[in-house]
Structures are given as C-alpha cells and as structure tokens.
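# Commentary on secondary and tertiary structure
Below, each chain spelled out in residue letters.
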Amino acid sequence: AFENPSFRGHFRVFGLCTADRNRVDRGFQIEALTEHLRFYITLLRTLSEHGFRFIEPAAFVTDLTPDRILTERVEQRVLTPLRQEFPEVELGFDDERQQGRNFYRDLCFGFRLTSSNGVTINPIIDGGFVDWNARLLNDRKEQLLTSVIGTELVCSLFRE
C-alpha cells in the first residue's frame, strides 16, 4: 500500500545503461553523466512540447566519493555547460541525499518534477554508477552508469 494514489506496486519504466572502461581523468564518468542528464532534460523539453507540464524541473548530482573529490569537476564539466544549454532546468548538487548511498558508487543523480496541480515526485528519474560489470568481469576499471525514469508515473501525473 502506498500513501500516494498515483503509486503502484508494478509500473512501467524506461532505463539507460552506458558502459566503458575508466580513464585516468575519469573522462568516461563525466561523459556518461553528461549524456544521461542531457537525454532526460531533452526528453522533458520534448514532452513539454506535446502536452506535458513540469513546474520548476530540477536535477541534482550527489558526489559519493570520500571528501567529494568529483564535485568541482562535475560542476565545471557537466553542470555549468548543461545550465547554459538548458536554462529551464535547475541543476545542482544534493549533498544530503541518503537514498542509494550503499547502491551507487562515486556519483548518482535524481530529478525532481512537480505537476501543475502541485504533486512533487523526487526522484522520478534516478541514476548512478554501479559496479555490476566490474564484478561480473572481475575488473575494477569497468564502469557502468544506469538510470531510469518512471514513464507510467510521468504519463499519469504530468500530462495536461
């Protein structure tokens, strides 16, 4: 049982996976994170043109590394360029995020969306780096970014 009547035990989602080997400068992580964020922001922009409405959409990255060693790099190479490309979306950091801390490694992100009737879902899009392929291949250099959007929830809550 869920408090929100829009939530169900089974639901449709759409997911993305991007994998590669880690590079010295963490270039893959930066590129993959940018790719996933850009995809979802572009999706929201396109949906907005087709009868969906999102009030103050926002995406937040969480640096899970010790001493948040990736924060400055993510700010400079991911968030700043995306803010210029997509001024309609708030982009920042969520250092207080607890969800997924034992699931994701290094970096994760989530999107907060609010409908025109005031319903806020946070996160309705969620993603982060996982170690599944590194464990499967027994190679720590393997990197995998996964993310998912609750498509059924988007369709039921945000279509005008």
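The structure displayed is predicted, hence computed values, not measured ones.

## Describing the pattern of salt bridges
- As enumerated under the stated definition, the model contains 10 salt bridges in all.
- A salt bridge links Asp139 to Arg21; the nearest nitrogen and oxygen atoms lie 2.5 Å apart. One end of the pair, Asp139, is in the loop between helix H3 (132-137) and strand S6 (142-149); the other, Arg21, is in strand S1 (residues 14-21), and 118 residues separate them in sequence.
- Judged by relative accessible area, Asp139 falls into the partly exposed class, the value being 24%.

## What about helix H2 (residues 71-85)?
- Look at H2: 20 Å from first C-alpha to last across 15 residues, which is about the 21 Å you get at 1.5 Å a residue.
- Helix geometry: H2 is bent most strongly at Leu79, by close to 35°, with proline Pro81 lying one to four residues after it.
- Burial in H2 covers these residues: Val74, Val78, Leu79 and Leu82.
- Against helix H1 (27-48), strand S2 (55-63), strand S3 (90-93) and strand S4 (105-114) lie the buried residues of H2.

## Here's the deal with the sheet that holds S3
- Pairing in this open sheet of six strands is mixed, and the strands run S1-S6-S5-S4-S2-S3 from one edge to the other. Of all the strands in the sheet, the pair left with one neighbour each is S1 and S3. On average, each strand axis in the sheet is tilted by 15° relative to the strand beside it, whichever way the strands run.
- Pairing analysis gives four bridges linking S2 to S3, with the strands arranged parallel. Directly across from Phe60, in S3, lies its bridge partner Gly92.
- Against the sheet, H1 touches S1, S2, S3, S4, strand S5 (120-130) and S6, its axis set at about 160° to S1.
- Against the sheet, helix H4 (residues 151-158) touches S1, S4, S5 and S6, its axis set at about 160° to S5.

## Structural notes on unusual backbone geometry
- In this structure, the amide linkage connecting Asn122 to the following residue, Pro123, adopts the cis form with an omega of 0°.
- Its location among the elements puts Pro123 in strand S5.
- Although it is not a glycine, Glu56 adopts a positive phi angle of roughly 45°.
- Here Glu56 is to be found in strand S2.
- Of the residues examined, Glu56 reaches a relative accessible area of 63% and is grouped as exposed.
- At Asp106, a residue that is not glycine, the phi angle is positive and equals roughly 70°.
- Relative accessible area serves as the criterion here: at 18%, Asp106 is assigned to the buried category.

## Section: the environment of Arg159
- With respect to the helices, strands and loops of the structure, Arg159 is situated in the segment after H4.
- In this structure the C-alpha to C-alpha distance between Arg159 and Ser116, which are 43 residues apart in sequence, comes to 9.2 Å.
- Each residue touching Arg159, except ones within four places of it in the same chain, is listed here: His50, Gly51, Phe52 and Val154.

## Section: the pairing of S6
- Of all eight residues in S6, seven are buried; the element is thus mostly enclosed.
- Bridging between S1 and S6 involves eight bridges; their strand directions are antiparallel. Bridged to Thr18 within S6 is Leu145.

## Observations concerning the environment of Val78
- With respect to the helices and strands, Val78 occurs in helix H2.
- You can call Val78 buried: its relative accessible area is 0%.
- In the structure, Val78 is positioned 41 residues away from Leu37 in sequence and 8.9 Å away in space, judged by C-alpha atoms.
- Ignoring anything within four residues of it in the chain, the contact list for Val78 reads Ile30, Leu33, Thr34, Leu37 and Arg73.

Scoring rules and cut-offs
Residues numbered from 1 in each chain as written. Predicted model: local features only at pLDDT ≥ 70, side-chain atom pairs only at ≥ 80, totals over all residues. Heavy atoms only, no water. Salt bridge = Lys/Arg side-chain N within 4 Å of Asp/Glu carboxyl O. Helix = DSSP H or I, 4+ residues; strand = E, 2+ residues; numbered from the N terminus. Buried < 20%, exposed > 50% of the residue type's maximum accessible area, 1.4 Å probe, protein only. Expected span 1.5 Å × (residues − 1). Bend = angle between axes of the 7 residues up to and from the residue. Contact = heavy atoms within 4.5 Å. Pairing = 2+ DSSP bridges. Axes fitted to C-alpha atoms, helices over the stretch in contact; angles between N-to-C directions.

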